[in-house]
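# Structural description and commentary
Here's the letter readout for the chains.
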Amino acid sequence: MNIAHVALWTRSLKAQVQFWETVFGGRSNERYVSQNRPGFESHFITLDDGPTIELMTLPDLPGAPSHPEFIGWAHIAINVGSRAQVDSMAERAQANGTLLSAPRMTGDGFYEAVIADPDGNRIELVGA
């Protein structure tokens, strides 16, 4: 078994698509507009390896909890290939204000940095 896709709610579909294309080289499909669910729109982002990411929006989507830790998925981790790539992507994230945690070795043995997407969701950049 494997994960087919993961889904992410957003208030800014365009900003999320641009983020995933720019930061991770993702490829977006055409915007889907539901004929059955008024206001629902989505894009699927395809990365080179791994599951696709479905970006979804609705009008009047409620905000996320203010506390960074709550019941539910905590983050997504993306293997970017190498420590050098983690460092490079972290430098770019630092320059544009989206770096949450600088590159480091974690206690569970990962070399990672943490960045935020346009909605503040946490994404771990992991390198071998």
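Everything numeric here is computed off the predicted structure, so don't read it as measured data.

Attention now moves to the environment of Q85. Of note, Q85 is situated in helix α2 (residues 83–96). Taking the relative accessible area as the measure of exposure, Q85 reaches 30% and is therefore partly exposed. Once residues within four sequence positions are removed from consideration, Q85 is found in contact with V80 and R92.

With that out of the way, let us pick up unusual backbone geometry. Phi at D60 takes a positive value of approximately 60°, unusual for a residue other than glycine. Within the fold, D60 resides in the loop between β5 (52–57) and β6 (76–79).

Take helix α1 (residues 13–24) next. The terminal C-alpha atoms of α1 lie 16 Å apart, and with 12 residues this matches the ideal 16 Å at 1.5 Å per residue to within 8%. Three or more residues of α1 are buried, namely L13, Q16, V17, F19, W20 and F24. Here the buried residues of α1 occupy an arc of 160° about the axis, which is enough to place them on one side. Exposed residues on α1 whose side chains face more than 90 degrees from its buried face are K14, Q18 and T22. One or two positions beyond α1, positive phi appears at G25, with a value near 70°.

Another point: the layout of surface pockets. What the largest pocket holds in volume is close to 1,500 Å³. Lining the largest pocket are 43 residues, and of these L8, H75, I76, N121 and R122 lie nearest its centre. Looking at side-chain class alone, the lining of the largest pocket contains 26 nonpolar, 9 polar and 8 charged residues.

Quick look at the nonpolar core now. Core analysis: the largest hydrophobic core is formed by 22 residues, its most contacted members being W20, F24, L55, I115, I123 and L125. Every element with two or more residues in this core is listed here: α1, β5, α2, β8 (111–116) and β9 (122–127). No other element matches α1, which puts 5 residues into this core. Not counting residues up to four positions away in its chain, the partners in contact with F24 are F19, L47, I78, V80, M89, I115, I123 and L125.

Let us look at the side chain of T106. Positionally, T106 belongs in the loop between β7 (99–105) and β8. Taking the relative accessible area as the measure of exposure, T106 reaches 14% and is therefore buried. Here the side chain of T106 touches D108 through a polar contact of 2.4 Å, side chain to side chain.

So, on to the sheet that holds β6. The sheet built from 4 strands is open, its strands ordered β6-β9-β8-β7 with mixed pairing. Of all strands in the sheet, those with a lone pairing partner are β6 and β7, marking the two edges. Across this sheet, the average inter-strand angle for adjacent strands is 20°, counted without regard to direction. Here β6 pairs with β9 via 4 bridges, running parallel. The residue of β9 that forms the bridge with I76 is I123.

Here α2 contains 14 residues, and its C-alpha end-to-end distance of 20 Å stays within 8% of the 20 Å for a straight helix at 1.5 Å per residue. Among the residues making up α2, those that are buried are V86, M89, A90 and A93. Down the axis of α2, the buried side of the element spans an arc of 105°, and every buried residue falls inside it. In α2, the exposed positions angled more than 90 degrees off the buried face are occupied by A84, E91 and A95. Where α2 is buried, its residues touch α1, β7, β8 and β9. G97 sits one or two residues past α2 and shows a positive phi near 80°.

Conventions adopted
- Residues numbered from 1 in each chain as written.
- Predicted model: local features only at pLDDT ≥ 70, side-chain atom pairs only at ≥ 80, totals over all residues.
- Heavy atoms only, no water.
- Helix = DSSP H or I, 4+ residues; strand = E, 2+ residues; numbered from the N terminus.
- Buried < 20%, exposed > 50% of the residue type's maximum accessible area, 1.4 Å probe, protein only.
- Contact = heavy atoms within 4.5 Å.
- Expected span 1.5 Å × (residues − 1).
- Arc of directions from axis to C-beta.
- 1 Å grid on protein atoms, 1.4 Å probe; cavity = no way out; pocket = protein on both sides within 12 Å on 5 of 7 lines; lining within 4 Å.
- Points joined across faces, edges and corners; volume = space filled by probe spheres on them.
- Nonpolar A, V, L, I, M, F, W, Y, C, P; charged D, E, K, R; others polar.
- Core = buried A, V, L, I, M, F, W, Y, C linked by side-chain atoms within 4.5 Å.
- Polar contact = N/O pair within 3.5 Å; in protein donor to acceptor, adjacent residues only side chain to side chain.
- Pairing = 2+ DSSP bridges.
- Axes fitted to C-alpha atoms, helices over the stretch in contact; angles between N-to-C directions.

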